[in-house]
Amino acid sequence: MTTKTLPAREQVWTDEKLVRECCNGNETAWSELIEKYKNLIFSIPIKMGIPRDDAADIFQAVCVELLSGLPKLREPRALPKWLMQVSYHKSLQWKKEHSQLDDELTDAELPSINGAELPDALLQQLQREQSLRDSLMELTPRCRRMVTMLFFEHPPRAYSDVARDLGIATGSIGFIRGRCLKKLRELLQRRGFQ
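Give me the lowdown on helix α1 (residues 15–23), citing residues and values where you can.
For α1, the complete set of buried residues consists of Asp 15, Leu 18, Val 19 and Cys 22. An end-on view of α1 places all buried positions within 95 degrees of arc, on one side of the element. A positive backbone phi angle near 85 degrees is found at Gly 25, which sits one or two residues after α1.

With reference to specific residues and values, describe the confidence of the model for the protein chain.
As a general rule, the predicted coordinates of low-pLDDT regions are not to be interpreted in detail. Summing up the model confidence of the protein chain, the mean pLDDT is 85 and the portion of residues at 70 or higher is 85%. The low-confidence segment residues 1–9 (pLDDT under 50) makes 15 contacts with residues lying over four places distant or belonging to another chain.

Which residues make up the state of the cysteines, and what are the values?
Here the structure, examined in full by the defined rule, presents 1 disulfide. Across the disulfide from Cys 143 sits Cys 180; the S-S distance is 2.1 Å. As the torsion about the S-S bond is roughly -75 degrees, the Cys 143-Cys 180 disulfide counts as left-handed. One end of the pair, Cys 143, is in helix α6 (residues 141–151); the other, Cys 180, is in helix α8 (residues 173–190), with 37 residues separating them in the sequence.

Thresholds applied
Residues numbered from 1 in each chain as written. Predicted model: local features only at pLDDT ≥ 70, side-chain atom pairs only at ≥ 80, totals over all residues. Heavy atoms only, no water. Buried < 20%, exposed > 50% of the residue type's maximum accessible area, 1.4 Å probe, protein only. Helix = DSSP H or I, 4+ residues; strand = E, 2+ residues; numbered from the N terminus. Arc of directions from axis to C-beta. pLDDT = per-residue confidence, 0-100. Contact = heavy atoms within 4.5 Å. Disulfide = S-S within 2.5 Å.

The structure is reproduced here in structure tokens:
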């Protein structure tokens, strides 16, 4: 059996470093920032029932606002919540514009876009999802790939396929999976994930 060589552990960028480097024009930092938060940004319009094509447009609009608004961000740790809020407002704006076309919602059913806060339940769900994504990124590449293949791909992959792709014996998946999940659990607990 041929084994694949996995890359050394990848660098995990803190939000403070991402914001600083992006403001300094570092293109790698911009790529990392978008990679880190793309699922968070895109998930909000999807959760609000907006079609995928339109959610992609909202994603682009949020990224444009991020480009112009990032230098004004006073606290880099506030970046995820800021992104959630901007994405939520853009999604509300889309719903308001399209409700007038479709007559599906009245103005009373849509919260005001100006000053509208994310509903607490949605905010908590989004924060939990981002904590999971951030924790996954801190795993070693092999653990991250294994957890992703076993728990996030649909349809689920057979152990033999996972073993082949990771270059390991099928019988070792259970043991390695256990270690990876233990590490993931520790990372999540550090973030207050419950």
